[in-house]
Amino acid sequence: MTPSSPIAKSPPTIANSSNHDESDKTVSKRSFSRSESIFTRGSKSIPGGVNSPVRAFRAVGGSPIVIDRAEGAMLYDVDGNDYVDYVGSWGPMILGHARKDVHEALVKAAEKGTSFGACTEREVSFAELLCEIVPSLEKVRLVNSGTEATMSALRLARGFTKRDKIVKVFGGYHGHADYLLVRAGSGATTLGVPDSAGVPKGSAQDTLLVPFNDIAATEQLFADQGKEIAALIIEPVAGNMGCVPPQDGYLAGLRRITEQYGALLIFDEVMTGFRVALGGAQELYGITPDLTCLGKVIGGGLPVGAYGGRADVMDHVAPLGPVYQAGTLSGNPLAVAAGETTLRILKTQNPYPQLDKTTARLVEGLKAGASQADIPISFNRVGSMWTGFFQAGTVTNFDDAKASDTERYARYFSEMLQNGVYLAPSQFEAAFVSIAHDDAAIERTLEAAKRALAAL
Ligand SMILES: *Cc1c(COP(=O)(O)O)cnc(C)c1O
């Protein structure tokens, strides 16, 4: 797979990074002084110095690196350090950074105006493309983030079923709406505040919880309260407790139970959509949800979210139906240009077998390195989405994930940063491989991991 050349002038420097002389194994200590001073300055005008909490290095210590630019699989910080990037903007950058074709689509769109607040032809072709790619979509509405997508889908589910209760799993993250910030994963786990301040008791009282991968518990909950439940919302492959795949039959079981009680099944594919397969987890596992939430990859690096599904349900959304949902910048021409270009490339190139192969090679290499260093790390992977949990046990749900040695992860994270690899600054996140991650990037990562584990 050869992605089109990135826009930046300088060639990628994966093989001979200035900080990594291959002949000399002693790595010169990287300086982060400019990052530190910008972050300190930012902390005076931005709460915690970040515009989203997981970006802070609270869980791993130290000061966040401040990014100057990115290209392909690489990030470059303001101190001139380079990194193989496994965060990928938390999922969107499946094509790698600064793709020339995406950039060109953006420039072309910008020349025609950046926002109209009115209908465009491109939003129509984008919606058609989405309905073609994602198996369960008959109609789809664009929004600006994953959070908006889940909020809107749940309001719709409640309006459609005329029921109030919703079900989510422990450690499932569906954005930061009040009633969803209950035992949420990701940043909430990392910060040790599973329930946010400022969420009224009343708004979370209709949110019911079951463990991930536990059909018996779900069955029991629905037997007790099924007639009051509007929807079950789930990440079909959990990503925000770290990557945790669904066990055999789990998603089919959820499909059966929700149907039996007249509740809607909502797949939150904000992370898994266009990631684990072109059509998302619903294509990979062959399960059709009633509604699907999309985000991340769908915007190709710009802010886009979407929710869609059964036409009879979607027709309850305003202006056709009584469920209100709106957005000044929804379907924004720039965002749609980046998203549509990204999805068309994915559809045409079908990079998924390649992504799977590359990521398998990476994870197998990391596994071998860990066992050589005698450090227990338990790896989960679905396609190009993976997590190495610092523990010996198998991770099948949130409780398992929480048993990881987060202090050891923090030390590993810092060592990897020193060795030119950017991982998520938290144990409870999925890592992402892009089609720009070539053999050199994988080699460099495995080499870095060897050094990092030796230093633990
Ligand atoms: C990232 C994410 C969200 C929230 O999306 P935002 O664009 O950050 O609002 C919701 N659900 C899942 C599964 C996610 O991974």
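In case you missed it, the structure is sitting above this.
The paragraphs below set out a description of the structure included in this document. (Residues numbered from 1 in each chain as written. Predicted model: local features only at pLDDT ≥ 70, side-chain atom pairs only at ≥ 80, totals over all residues. Heavy atoms only, no water.)

### Topic: the pattern of salt bridges
Step number 1: Applying the stated criterion to the full structure yields 20 salt bridges.
Step number 2: With a shortest N-O distance of 2.4 Å, glutamate 443 and arginine 361 are connected by a salt bridge. With glutamate 443 in helix α15 (residues 439–455) and arginine 361 in helix α12 (residues 352–372), this pair connects stretches of sequence that are 82 residues apart.
Step number 3: The exposure class of glutamate 443 is partly exposed, given its relative accessible area of 41%.
Step number 4: Owing to a relative accessible area of 33%, arginine 361 belongs among the partly exposed residues under this scheme. (Salt bridge = Lys/Arg side-chain N within 4 Å of Asp/Glu carboxyl O. Helix = DSSP H or I, 4+ residues; strand = E, 2+ residues; numbered from the N terminus. Buried < 20%, exposed > 50% of the residue type's maximum accessible area, 1.4 Å probe, protein only.)

### A short note on the site of the ligand
Step number 1: Taken together, the residues surrounding the ligand are Ser145, Gly146, Thr147, Tyr173, His174, Gly175, Glu235, Asn240, Asp268, Val270, Met271 and Lys296.
Step number 2: Here an oxygen atom of the ligand sits 2.8 Å away from a polar atom, N or O, in the main chain of glycine 146.
Step number 3: For the ligand, an oxygen atom lies 3.1 Å from a polar atom in the side chain of asparagine 240.
Step number 4: Compared with its free state, where it exposes 390 Å², the ligand has 82% of that area covered by protein.
Step number 5: Here the shell around the ligand is composed, by residue class, of three nonpolar, six polar and three charged. (Near = heavy atom within 4 Å. Polar contact = N/O pair within 3.5 Å; in protein donor to acceptor, adjacent residues only side chain to side chain. Areas by Shrake-Rupley, 256 points an atom, 1.4 Å probe, with all protein chains shown as cover. Nonpolar A, V, L, I, M, F, W, Y, C, P; charged D, E, K, R; others polar.)

### Some remarks on the packing of helix α3 (residues 121–133) against helix α11 (residues 333–349)
Step number 1: Where α3 meets α11, the axes come as close as 10 Å, and the angle between the chain directions of the two elements is 35 degrees. The element α3 and its partner α11 pack so that their crossing is left-handed. Along its contact with α3, which presents Arg122, Glu123, Ser125, Phe126, Leu129, Leu130, Glu132 and Ile133, the element α11 presents Val336, Ala337, Gly339, Glu340, Thr341, Leu343, Arg344 and Lys347. (Axes fitted to C-alpha atoms, helices over the stretch in contact; angles between N-to-C directions. Left-handed = near helix turned anticlockwise from the far one by under 90°. Contact = heavy atoms within 4.5 Å.)

Taken by themselves, the reported measurements are silent on function.
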